Amino acid sequence: MVALLLVEDDPAIRRSLQLALERYGYTVSVAGDGLTGLEVFQRERLDLLILDVMLPHLDGIGLCRRIREESQVPILMMSARGDSPDVVSGLEAGADDYIVKPVDTAVLVARIRTLLRRAAYSPAADPGAPPAPYGRTGPADGTAVLSFGDVTLDTQALEVRRGGEPVALTPTELRLLLAFAERPGTVLDRQRLLRDVWDYGWDGDSRVVDLCVQRLRKKIGAGRIETVRGFGYKLRR
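Everything numeric in this text was worked out from a predicted model, so none of it was measured.

## Re the pattern of salt bridges
Here is step 1: Per the counting criterion, the structure on display carries 12 salt bridges.
Here is step 2: As a salt-bridge pair, Asp-96 and Arg-68 come within 3.0 Å of each other at their nearest N and O atoms. With Asp-96 in the loop between helix 4 (85-92) and strand 5 (97-100) and Arg-68 in helix 3 (residues 60-68), this pair connects stretches of sequence that are 28 residues apart. Just as Asp-96 is buried, Arg-68 falls in that class too.
Here is step 3: A salt bridge links Arg-192 to Asp-196, with the nearest nitrogen and oxygen atoms 3.4 Å apart. Residue Arg-192 and its partner Asp-196 are located together in helix 7 (residues 190-196), separated by 4 residues, close to a single helical turn.
Here is step 4: Look at Arg-192 and you get partly exposed, because its relative accessible area is 31%.
Here is step 5: Accessibility expressed as a relative area gives 26% for Asp-196, which makes it partly exposed.
Here is step 6: A single salt-bridge network, built from bridges that share partners, covers Glu-8, Asp-52 and Lys-101.

## Quick look at the sheet that holds strand 1 (residues 3-7)
Here is step 1: Spatial strand order, 2-1-3-4-5: 5 strands in an open sheet with parallel pairing. Unpaired on one side and paired on the other, strand 2 (27-31) and strand 5 mark the two borders of the sheet. The mean angle between the axes of side-by-side strands here comes to 20°, regardless of whether they run parallel or antiparallel.
Here is step 2: Relative to strand 4 (residues 75-79), strand 3 (residues 48-52) runs parallel, the two sharing 4 bridges. Within strand 4, the residue paired with Ile-50 across the bridge is Leu-76.

Conventions and cut-offs
- Residues numbered from 1 in each chain as written.
- Predicted model: local features only at pLDDT ≥ 70, side-chain atom pairs only at ≥ 80, totals over all residues.
- Heavy atoms only, no water.
- Salt bridge = Lys/Arg side-chain N within 4 Å of Asp/Glu carboxyl O.
- Helix = DSSP H or I, 4+ residues; strand = E, 2+ residues; numbered from the N terminus.
- Buried < 20%, exposed > 50% of the residue type's maximum accessible area, 1.4 Å probe, protein only.
- Pairing = 2+ DSSP bridges.
- Axes fitted to C-alpha atoms, helices over the stretch in contact; angles between N-to-C directions.

All we've got here are geometric facts, nothing functional implied.
Below you can see the structure in the form of structure tokens.
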């Protein structure tokens, strides 16, 4: 069973979402504030977290930052406004995606399934796993370990090192790096990255791409991913 944690301070919304998600077969733990959510996270084994931005005691952004200090578990943020600066702050804090309230259950479940697929991707462990971004698990010549400056990427073990030290990436950040590594030096536009990395079958909010690129740059080096204005991004060889 897939175990979720829903942190939402509104009792009616919390209960309705819990019941809806349980009907889809998920095991759902709930919390009404950020501190309680943190306690549940530290106590239980969870596969994915759904955090409201506005929470008492410890808000969703602060909770996301605390969780990212010790875990790369997929995190989906909920916000009452899609244009809110809170959305940007949540993505900067390490969230993988966001959804706007009031929440459409079908959309929420689709986002959850996408994040879980992304987190479970492991070509080394499962030869029948879904293909990596852009359709391969490594470069065309079959090389497993790629080097870009002081950054190395093992496309089979899914391990990243910088200067010989391990780099902890979220599932989304790892898939984004794999997408760039498939085509070093090639410009990848935001909408294609949304479709191939985020698994969106529609043109979503490109902010998730920009902010994930920012987070990835902090971890592998600011100059490693170049912005091509008006087009997108490319990985420097």
